[in-house]
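A look at the structure
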Amino acid sequence: MPTTRRTTRQDESDEETTEEAVEAVMDAARAAAAARAAAEDADLTRKEKLKRYVARRVSSRMVSIAAFTLGVAWMFCLPAFSIVTGQLKVRGTYFDETTLSPMAARATLHTSEGFRAYLRSVNGSFCDELRALDVACQERYGASWGVIRPASGWAAVEAVAVVASNKRSIPIVLSLARFLRDAPWLGKNVVVVASENPQRWVGAYHDGDDEDLSFERGGLLRGAILIRLPDAEPYGAVSLKAHGFDGELPNLDYFHLAATAFPQLVHVESGFESKAPPRPLLKYSERSRALMTWAKRLAGGASGPHAHFLRRGIDAVTLEPSEALQNARQTFDDSRIGTGVELIIRSLNIVEHELHHGASQYLLMDATKFVSFDEVAFPLMLTALPLGVEAAKELSAYAFDAIVLQRDIPHTIVRHFL
């Protein structure tokens, strides 16, 4: 028994001796490196000493402080002016796709014969009304739909979807179908749909329904307009919903197209929605709040059924008019909604490809001002740069210790203790 205790004590003593030896070797190596650096500094000129100081001090601490400060300052500039474009104002929305020009087209829906009378007389089911217009209708996947094809007989291969997202919106969609059936200018198919949740229908239309070859299609969907009307007229403003799943957004050209079809009536998801027409955001605090609210809601998820179209790569927005205030000076009705949708379809009618020129990621301040993703990405990268600098600094410290060990300690001792 005494022999066993003596052996244990001896092993513990050997371990302590080994740890002390390692610490002593490391201290000696660091001291030798410091002495060598001091000797080198003594031989340096003033200019060389300045260069070494900049390399040791400025490259880590000063770069981090300068980058973070510049990034924060840039972020505070976003609501006031654009640094990327060099303009002393926030960028205004515009058309990158030059063929889009809704204001160049002249709406004729509200002047068409019997439009208002038909709008008020719709009382049957969606498919019954479409069949009365000699349009085939199908009911499946929680949706009813039909395809309006060009009156000219043109075999269109692309389509635009107009969706009634609630029961109140069905008459306006049917009225649009009746008008577009005889429109001589129509060059695309228009798929009219009635569905409160079009998720399954969009999946079947986009991915293909192999179980039934009679699935009615109008071609490749290039855009979708979803309408959700309140219980009663008149209306005072229109909320344009654009947020999709996981930060998805329609192309900025498409959003600008929809907003331009309802000039001075559109509210965006920036926290200033109301039943009255939008007012300009002139104060810095209002613009900052609008951008932060838009970003917060974008991170929060989808804001309407149009998100199911965005998930399939189809540009889409949801139109939600709001009931007008009792003392409102400016109001509009269902015919104005139909006219705006007609302008959107007329503009898309001559575009024969996907909208790809405009920004796909952006922050909207209102319907006419935006901040693109690249303007936000640069200040975010600057504020995150100090993390990379600190990580590089730590890695360089570890690399310095490794170099010291290899240079100042005999390799046999290093291999023994490591």
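Quick word on the pairing of strand β2 (residues 143-148)
Counted residue by residue, β2 has six buried out of six residues, so it is predominantly covered. As defined by bridge partners, strand β1 (residues 137-140) adjoins β2 across four bridges and the pair is classed as antiparallel. Counterpart to E139 in the pairing with β2 is S144. Hairpin connection of β1 to β2: two residues between the antiparallel strands, including Y141 at a positive phi of 55°. Relative to strand β4 (residues 189-194), β2 runs antiparallel, the two being bridged by five bridges. Looking across to β4, one finds that V147 is bridged to V191.

Concerning a negative patch on the surface
A cluster of acidic side chains, namely E19, E20, E23 and D27, defines a negative patch on the protein surface. In this structure E20 comes out as exposed when scored by relative accessible area, which is 54%.

Details of the environment of V63
Here V63 lies in helix α2 (residues 46-77). On the basis of relative accessibility, which here comes to 33%, the residue V63 falls in the partly exposed class. Along the backbone, V63 and V389 are 326 residues apart, and their C-alpha atoms lie at a distance of 8.1 Å.

Side note on the sheet that holds β1
Spatially, the eight strands line up as an open sheet ordered β1-β2-β4-β3-β5-β8-β6-β7, and their pairing is mixed. In the strand order of this sheet, the two ends are held by β1 and β7 (266-267), each with one partner.

With respect to the nonpolar core
Within the largest apolar cluster, 75 residues are counted, with the highest numbers of intra-cluster contacts made by F126 and W294. Among the elements that line this core, the one with the most residues is helix α5 (residues 170-181), at eight residues. Contact partners of W294, with chain neighbours within four places excluded, come to A242, H243, L249, V268, E269, S270, Y362, L363 and L364. If you look at the next biggest cluster of nonpolar residues, it comprises 20 residues, including Y141, W145, V191 and I314.

A few points about the confidence of the model for the protein
Per-residue pLDDT for the protein has a mean of 82; in total, 79% of the residues score no lower than 70. Within the model, pLDDT remains below 50 along residues 408-418, and this stretch shows 15 contacts once partners closer than five positions in the same chain are excluded.

Regarding unusual backbone geometry
Across the chain, the bulk of peptide bonds are trans and the bulk of non-glycine residues have phi less than zero. Here the amide bond leading from E233 into P234 is cis, since omega sits at -5°, within 30 degrees of zero. Locating P234 in the fold gives a position in the loop between β5 (220-227) and β6 (235-241). Backbone geometry places Y141, a non-glycine residue, at a positive phi of 55°. Unusually for a residue other than glycine, Q264 sits at a positive phi of about 60°. Take Q264: it is sitting in the loop between α7 (252-260) and β7.

Conventions adopted
- Residues numbered from 1 in each chain as written.
- Predicted model: local features only at pLDDT ≥ 70, side-chain atom pairs only at ≥ 80, totals over all residues.
- Heavy atoms only, no water.
- Buried < 20%, exposed > 50% of the residue type's maximum accessible area, 1.4 Å probe, protein only.
- Helix = DSSP H or I, 4+ residues; strand = E, 2+ residues; numbered from the N terminus.
- Pairing = 2+ DSSP bridges.
- Patch = residues over 30% accessible without salt bridge, like charges linked within 9 Å, V, L, I, M, F, W, Y side chains within 5 Å.
- Areas by Shrake-Rupley, 256 points an atom, 1.4 Å probe, with all protein chains shown as cover.
- Salt bridge = Lys/Arg side-chain N within 4 Å of Asp/Glu carboxyl O.
- Lys, Arg positive; Asp, Glu negative; His and termini not counted.
- Charge placed at Lys NZ, Arg CZ, Asp CG, Glu CD.
- Core = buried A, V, L, I, M, F, W, Y, C linked by side-chain atoms within 4.5 Å.
- Contact = heavy atoms within 4.5 Å.
- pLDDT = per-residue confidence, 0-100.

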